[in-house]
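# Structural features, examined
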Amino acid sequence: LSHPLSWLDAPRRRDFALFFLARGLAALAGQIQTVAVGWQVYDVTGDVMALGYVGLALFLPVVVCTLPAGDAADRFDRRHVVACSYVVQAVGAGVLALLAALEHADMTKLYATLVAIGAARALAGPAQQSFLPLLVPRAALARAVAWTTAAFKVALIGGPVLGGALLAAGAPIAAAAAAPAGGGALLAVAAIRASGRSEPEGVPEGSRWRRLVLGIDYVRRHRLILGAMSLDLFAVLLGGAAALLPVYAKDILMVGTEGLGAMRSALAIGGMALA
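Residues numbered from 1 in each chain as written. Predicted model: local features only at pLDDT ≥ 70, side-chain atom pairs only at ≥ 80, totals over all residues. Heavy atoms only, no water.

## Let's talk about helix α2 (residues 48-75)
For α2, which comprises 28 residues, the first-to-last C-alpha distance of 42 Å matches the rise-based estimate of 40 Å (1.5 Å per residue) to within 8%. The axis of α2 is deflected most strongly, by about 50°, at Cys 65, and proline Pro 68 appears within four residues downstream. Listed in full, the buried residues belonging to α2 are Ala 50, Leu 51, Gly 52, Val 54, Gly 55, Ala 57, Phe 59, Pro 61, Ala 69, Asp 71, Ala 72 and Ala 73. Between the side-chain oxygen of the N-cap and the backbone nitrogen of Met 49 there are 3.0 Å, and the N-cap of α2 in question is Asp 47. (Helix = DSSP H or I, 4+ residues; strand = E, 2+ residues; numbered from the N terminus. Expected span 1.5 Å × (residues − 1). Bend = angle between axes of the 7 residues up to and from the residue. Buried < 20%, exposed > 50% of the residue type's maximum accessible area, 1.4 Å probe, protein only. Polar contact = N/O pair within 3.5 Å; in protein donor to acceptor, adjacent residues only side chain to side chain.)

Okay, here's the thing in structure tokens:
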């Protein structure tokens, strides 16, 4: 039991390791991208509200796509759903790097790219969260969740620091760095051999509408879940307080890109310390 993966057989150990790697690389890419885009948008526009629109562009697709994404996770192989999401995110990272290299002042194309990335993340969410139980035995699920959560938290801390350091070399380089990280996550998911299909329990087969209604009804009946989701939903509508960090880094504290990365990481460090 000393080895973190010793409680799995060899095939499952391989698939779990690939999922673990994909989860960490995808989170790393997302954090690098968040730092790069925030700095780029404020540097080009000088408008604080433009940072809010960045959060809105990523948030709105979640509202629209989450329920269909949950149904897709039930109906299709989760490997394929997650892989498709990673493809869109990697391409989106490349487009953002190109816009940064062109120093494009028109934010319309940037926001449109962020909407596509937000939709891809929403698509991957349910499939990614429900994929892990198919890769490990039930008895090992708690430990598997702990390890994948740790990978995500490490990315939350290291990603912004790396993004800030890359920004010092230029916004295009920082934006482009998210593409190979996302590509690595895609390759890791594609290499998983375990099936990503499972039949939802207690749901009539082939009834897409029934699946959506059951999910909504479950949240409505459990007020604690509804309250927590609503609070989180509106708190991040325009990116949350963290969206303003480029303003503090550039105009108030004047600590530059490295300081921006450190401030972004401080949020994850505080969360881990409290946990």
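## Regarding the packing of helix α5 (residues 141-167) against helix α6 (residues 171-190)
What describes two packed helices is the angle between their axes and the distance between those same axes. Their axes nearest at 7 Å, the elements α5 and α6 cross at an angle of 145°. Judged by residue contacts, Gly 163, Leu 166 and Leu 167 of α5 engage Ala 171, Ile 173, Ala 174 and Ala 177 from α6. Class assignment of the residues belonging to the contact of α5 with α6 gives a composition of 6 nonpolar, 1 polar and no charged. (Axes fitted to C-alpha atoms, helices over the stretch in contact; angles between N-to-C directions. Contact = heavy atoms within 4.5 Å. Nonpolar A, V, L, I, M, F, W, Y, C, P; charged D, E, K, R; others polar.)

## Observations regarding helix α9 (residues 245-252)
Among all positions of α9, only Leu 245, Pro 246, Val 247 and Ala 249 are buried. Of the residues trailing α9, Met 254 is marked for its positive phi of about 55°.

## A look at the packing of helix α3 (residues 78-101) against helix α4 (residues 107-131)
The interhelical angle for the contact between α3 and α4, taken along N-to-C directions, is 155°, at an axis separation of 8 Å. With respect to α4, the element α3 is oriented roughly antiparallel. Judged by the twist between their axes, the crossing of α3 over α4 is left-handed. In the contact of α3 with α4, the residues fall into 17 nonpolar, 6 polar and 4 charged. (Parallel < 35°, antiparallel > 145°, perpendicular 65-115°, else oblique. Left-handed = near helix turned anticlockwise from the far one by under 90°.)

## Some details on the pattern of salt bridges
All told, the structure shown has 6 salt bridges when counted by the stated rule. Where Arg 14 meets Asp 15, a salt bridge forms, and the shortest distance between an N and an O atom there is 3.2 Å. By relative accessible area, Arg 14 is classed as partly exposed at 30%. Residue Asp 15 is classed as buried on the basis of its relative accessible area, which comes to 6%. The partner of Asp 74 in a salt bridge is Arg 78, with the nearest N and O atoms 4.0 Å apart. The exposure class assigned to Arg 78 is buried, which follows from its relative accessible area of 3%. Salt bridges sharing partners connect three or more residues here, namely Asp 217, Arg 220 and Arg 221. (Salt bridge = Lys/Arg side-chain N within 4 Å of Asp/Glu carboxyl O.)

## Focus: the side chain of Gln 40
Assignment of secondary structure puts Gln 40 in helix α1 (residues 10-45). In this structure Gln 40 comes out as buried when scored by relative accessible area, which is 6%.

## Here we look at unusual backbone geometry
Most of the time, phi is negative for any residue but glycine, and the peptide bond is trans. Unlike most non-glycine residues, Met 254 shows phi in positive territory, near 55°. Note that Met 254 resides in the loop between α9 and α10 (256-274).

## Quick notes on the nonpolar core
Ranked by internal contacts, the top residues of the largest apolar core, which has 21 residues, are Tyr 86, Leu 135 and Ile 192. Secondary-structure elements contributing two or more residues to this core are α1, α3, α4 and α6. Take this core: its biggest share by element is 5 residues, from α1. Among the nonpolar cores identified, the runner-up in size contains 15 residues, and Val 41, Val 54, Ala 57 and Met 107 belong to it. (Core = buried A, V, L, I, M, F, W, Y, C linked by side-chain atoms within 4.5 Å.)

## Remarks on the packing of aromatic side chains
Tallied over the entire structure, the rule returns 4 aromatic pairs. Plain terms: the ring middles of Phe 16 and Phe 20 are 6.3 Å apart, the flat faces sit at 40° to each other, and that makes the pair tilted. Of this pair, Phe 16 and Phe 20 are both found in helix α1, 4 residues apart, which corresponds to roughly one turn of the helix. For Phe 20, a relative accessible area of 28% corresponds to the partly exposed category. Taking 5.9 Å as the distance between ring centres and 90° as the angle between the ring planes, the aromatic pair formed by Phe 19 and Phe 131 counts as edge-to-face. Of this pair, Phe 19 sits in helix α1 while Phe 131 sits in helix α4, and the two are 112 residues apart along the sequence. Here Phe 19 falls in the buried class, since its relative accessible area comes to 5%. Phe 131 sits in the buried class, given a relative accessible area of 1%. (Phe/Tyr/Trp six-rings, centres within 6.5 Å; stacked < 30°, edge-to-face > 60°.)

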